[in-house]
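# Structural overview
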Amino acid sequence: MIEEVFSIELPVGERLVINKNRITGKRPLNKRIAIVTGIHGDEFEGQYICYEMARRIMEAQEMLNGIVDFYPALNPLGLDAADHKIPKLGMDLNRMFPGKKDGAMMERVAAAIVEDISGADMCLDLHASDIFVKEIPQVRVSEEFAEDLLPYARLLNTDMVWMNATATVHESTLAHTMNMLGVPSMVVEMGVGTRIDRGYGDQVVEGIFRLMKELKMWEGPVADIHYPAISTDGEVEFIRSDTIGVFFPAIAHNHYVQKGDKLGEIVSPLEGRVLEEIRAQKSGLVFTLREYPFVREGSLLARILTGIEEG
Amino acid sequence: MHKEEIYRVRSPYREDMVIQGYRFGKGEPAACIVGAIRGNEVQQMYVCSQLIRELKELETNGCINAGKKIMVIPVVNGMGVNIGKRFFGVEDMDINRSFPGMDKGDTTSRIAYEIFDEIKEYTYGIQLTSFYMTGEFVPHVRMMETGYQNASLANLFGLPYVVVRKPTPLDTKTLNYNWQNDNTAAFSLYTNKNDSIDEDSANQAVSAVLRFLTRMGIIRYESHSGYISHVLMEDDLTDVYVEKGGIFRSFVKPGEYVRYGYPIAEIRDPYEGFIKQAVIAPTSGIVFFAHTEALIAQGDMAYRLIHRLHQ
Ligand SMILES: [Zn+2]
């Protein structure tokens with residue numbers, strides 16, 4: 001059932017509306033999982049996952065125990081404009097949680113989202129990297145909650161679980177806020193901004209059903225999943241540009257490289273020459289690879305997960 | 001006056017963005033003043049340029065005290081200024097949310113790192129800055145309550161108000177916070193404008209900085225002694241949020257006194273012109289901040305009032 005979670009009046013003839021789709025199975029008081037996406041308006045991967053999950057559950061609703069809530073668009077104005085942030089305000093919605101009920105417009109939106117999800121038994125926040133780099137499906141959890149979340153994170157059929165201490169698990173994110181409120185919450189990242197990779201989507205969908213089975217929410221069949229590489233910040237090698245120009249990757253994404261392998265090059269279209277060759281400093285899996293061609297000094301080109309063998 | 005290059009950001013198809021510092025006097029790093037970190041902070045840039053003009057003259061006349069060094073950085077995000085963007089680069093990053101930065105981080109983080117490295121040794125740090133919402137303030141000095149701050153120092157600017165703010169997680173990446181954290185006494189100066197120039201308010205800011213530098217024994221400059229500042233905690237401000245969206249017509253300006261129960265603004269229907277909401281003053285006091293855009297959304301902050309203060 002489609003329900004309006006929250007609305008607020010914009011200046012001219014329109015409301016900002018947050019909708020959710022609630023699918024109720026047997027024993028609705030059993031458990032509730034919230035599947036949310038679209039906090040960043042230029043990330044679309046979660047759209048496919050919401051659609052595919054809802055479609056499959058509704059086809060076999062008798063297999064569902066409890067409630068699944070889908071929130072496909074937490075930043076509807078951003079999604080409409082493919083804007084990572086909140087249009088006009090220029091702020092990252094995922095730095096505004098838990099929000100404020102009697103605060104400014106978007107603080108109220110954030111507070112309403114938190115209130116609606118509160119009490120759930122699990123929350124999955126689906127992201128699609130950004131328009132700059134492509135990611136393999138991965139779960140990101142902060143070290144603070146890792147002990148509780150890892151058993152669930154392993155079931156999501158991603159290629160990797162990254163326990164990190166940086167931005168995506170920042171204090172004012174939705175996932176951090178929900179974890180603090182006692183709702184186990186995980187961030188899933190995959191793909192690249194403004195595109196949908198259905199292969200990645202299907203992979204994560206199988207994982208979510210597997211997780212729901214673990215939570216005793218899903219009685220239907222689940223596919224075999226594979227377990228992720230589990231890594232910490234110390235095992236992730238960041239490769240950044242030292243020059244300006246246009247980057248051409250020399251390898252495929254999600255690919256094992258050896259130390260010294262060429263990862264790509266940065267060229268000057270004006271001068272017609274290669275400015276810098278990028279080589280791997282360590283062996284490992286390229287789990288992040290730049291998609292956006294223009295680079296400056298400091299632009300992220302790739303991330304390599306080190307300390308693992310080619311499997 | 002000595003002009004020095006603090007950092008240079010290159011770009012494939014634009015000229016380099018050179019962050020320039022202007023140094024006056026020699027000796028211990030006494031005071032540093034930073035202007036437009038965001039691309040729309042035109043007033044802030046203007047204030048710094050006027051300060052540089054004054055300091056150049058003072059230096060020629062031997063009015064910079066021996067053993068004191070002053071640094072002014074009028075513009076940081078020059079690339080943003082020239083294309084009308086508040087934040088930096090295609091990633092749309094807020095440089096004032098990137099401090100203290102990382103020398104091997106992303107481009108924005110490198111900019112912040114190089115600037116901070118240059119200016120962190122100064123005893124006093126003064127930043128001309130702007131609020132994330134568009135609107136007008138009464139001129140004031142703002143400081144973070146970090147345990148290192150000293151509100152009585154902020155009074156020496158002689159501006160009408162000093163506001164002490166409790167830092168939130170978002171504030172920890174600002175220049176002001178990191179200065180304080182590194183034992184610089186840091187102040188943020190807010191004038192009434194950002195993307196346009198208000199001559200009176202700019203002159204007031206220039207005088208305030210020169211007055212402060214004189215009182216701290218860094219320069220010799222004869223000026224009016226200014227105001228005895230009213231010190232207030234940001235949490236004590238009364239925020240007025242609106243309950244309708246539409247055309248915003250304000251009846252009061254920053255600095256004006258409003259009376260409890262009197263109308264201070266109205267919101268008109270953008271189609272039919274009727275009054276949708278009469279905004280009533282929830283308390284008597286001085287208007288500290290006012291929304292200045294023609295349009296407003298439900299939940300937007302229209303005013304911040306200084307509760308029960310008379311002119
Ligand atoms: Zn995201």
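Residues numbered from 1 in each chain as written. Chains lettered and ligands numbered in written order. Predicted model: local features only at pLDDT ≥ 70, side-chain atom pairs only at ≥ 80, totals over all residues. Heavy atoms only, no water.

Okay, the sheet that holds strand E11 (residues 245–249) of chain A next. Residue and element names in this part refer to chain A. The sheet built from four strands is open, its strands ordered E14-E13-E11-E16 with antiparallel pairing. Two strands in the sheet have a free side with no partner beyond their single neighbour: strand E14 (273–279) and strand E16 (294–295). Note that E11 and strand E13 (residues 262–268) share four bridges and pair antiparallel. In the strand pairing of E13, Pro249 is matched with Gly264. (Pairing = 2+ DSSP bridges. Helix = DSSP H or I, 4+ residues; strand = E, 2+ residues; numbered from the N terminus.)

Right, let's get into the interface of chain A and chain B. Facing 39 residues of chain A, the contacting portion of chain B comprises 36 residues. Interface area, chain A with chain B, both sides summed: about 3,000 Å², of which 54% is carbon and sulfur. On the chain A side of the interface with chain B, the three residues burying the most area are Glu9(A), Pro11(A) and Arg296(A), jointly 22% of the side's total. Taken together, the links from chain A to chain B amount to five salt bridges. Across the contact surface, chain A and chain B share 12 residue pairs in polar contact (both at pLDDT 80 or more). Looking at the side of chain A that touches chain B, the elements with two or more residues in it are strand E1 (2–9), helix H3 (105–117) and E16 of chain A. (Contact = heavy atoms within 4.5 Å. Buried area = accessible area lost by both parts, 1.4 Å probe. Salt bridge = Lys/Arg side-chain N within 4 Å of Asp/Glu carboxyl O. Polar contact = N/O pair within 3.5 Å; in protein donor to acceptor, adjacent residues only side chain to side chain.)

The next subject is the coordination of the zinc ion. All names here are of chain A. Looking at the zinc ion, the protein donor atoms are His40 (ND1), Glu43 (OE), Glu43 (OE) and His127 (ND1), and they sit 2.0 to 2.3 Å from it. Geometry at the zinc ion is irregular, judged from its four donor atoms and the angles of 58 to 148° they form at the metal. Taken in sequence order, the residues that donate to the zinc ion follow the motif H-x2-E-x83-H. Placement of the pair is His40 in the loop between strand E3 (32–37) and helix H1 (45–59) and His127 in strand E5 (residues 122–127), with a sequence separation of 87 residues. Per residue, the accessibility class of His40 equals that of His127, and both read buried. (Donors = N, O, S within 2.8 Å, 3.2 Å for Na, K, Ca; no water. Tetrahedral: all angles 85-135°; square planar, octahedral: opposite > 155°, others 65-115°. Buried < 20%, exposed > 50% of the residue type's maximum accessible area, 1.4 Å probe, protein only.)

Empty space among the atoms becomes visible once a probe the size of a water molecule is rolled across them. Residue and element names in this part refer to chain B. All chains considered together, the criterion is met by two cavities of 30 Å³ or more. Of the voids in this model, the second largest cavity is the one considered here, and its volume is about 40 Å³. Residue lining of the second largest cavity: Gln44, Thr129, Ser130, Phe131, Gly135, Glu136, Phe137, Tyr190, Thr191, Asn192, Lys193 and Asn194, and that is the complete set. Take the lining of the second largest cavity: its biggest share by element is three residues, from strand E6 (residues 135–137). Considered class by class, the residues forming the lining of the second largest cavity number three nonpolar, seven polar and two charged. (1 Å grid on protein atoms, 1.4 Å probe; cavity = no way out; pocket = protein on both sides within 12 Å on 5 of 7 lines; lining within 4 Å. Points joined across faces, edges and corners; volume = space filled by probe spheres on them. Nonpolar A, V, L, I, M, F, W, Y, C, P; charged D, E, K, R; others polar.)

Residues and elements named next belong to chain B. For the pair helix H1 (residues 42–60) and helix H6 (residues 199–215), interaxial distance at closest approach is 9 Å and the crossing angle is 50°. The angle between H1 and H6 places the two elements in the oblique class. When the axes of H1 and H6 are compared, the crossing they make is right-handed. Within the contact between the two elements, H1 uses Gln43, Tyr46, Val47, Gln50, Leu51, Glu54, Leu55 and Leu58 and H6 uses Glu199, Ser201, Ala202, Ala205, Val206, Val209, Leu210 and Leu213. Here the contact of H1 with H6 is built from residues that sort into 11 nonpolar, three polar and two charged. (Axes fitted to C-alpha atoms, helices over the stretch in contact; angles between N-to-C directions. Parallel < 35°, antiparallel > 145°, perpendicular 65-115°, else oblique. Left-handed = near helix turned anticlockwise from the far one by under 90°.)

Turning our attention to unusual backbone geometry. Residue and element names in this part refer to chain A. Of note, the amide linkage connecting Phe97 to Pro98 takes the cis form, showing an omega dihedral of 10°. With respect to the secondary-structure elements, Pro98 resides in the loop between helix H2 (76–81) and H3. Although it is not a glycine, Arg27 sits at a positive phi angle of roughly 45°. The residue Arg27 is located in the loop between strand E2 (15–24) and E3 in this model. Even without being glycine, Asn157 reaches a positive phi, approximately 65°. Locating Asn157 in the fold gives a position in the loop between helix H4 (146–153) and strand E7 (160–164).

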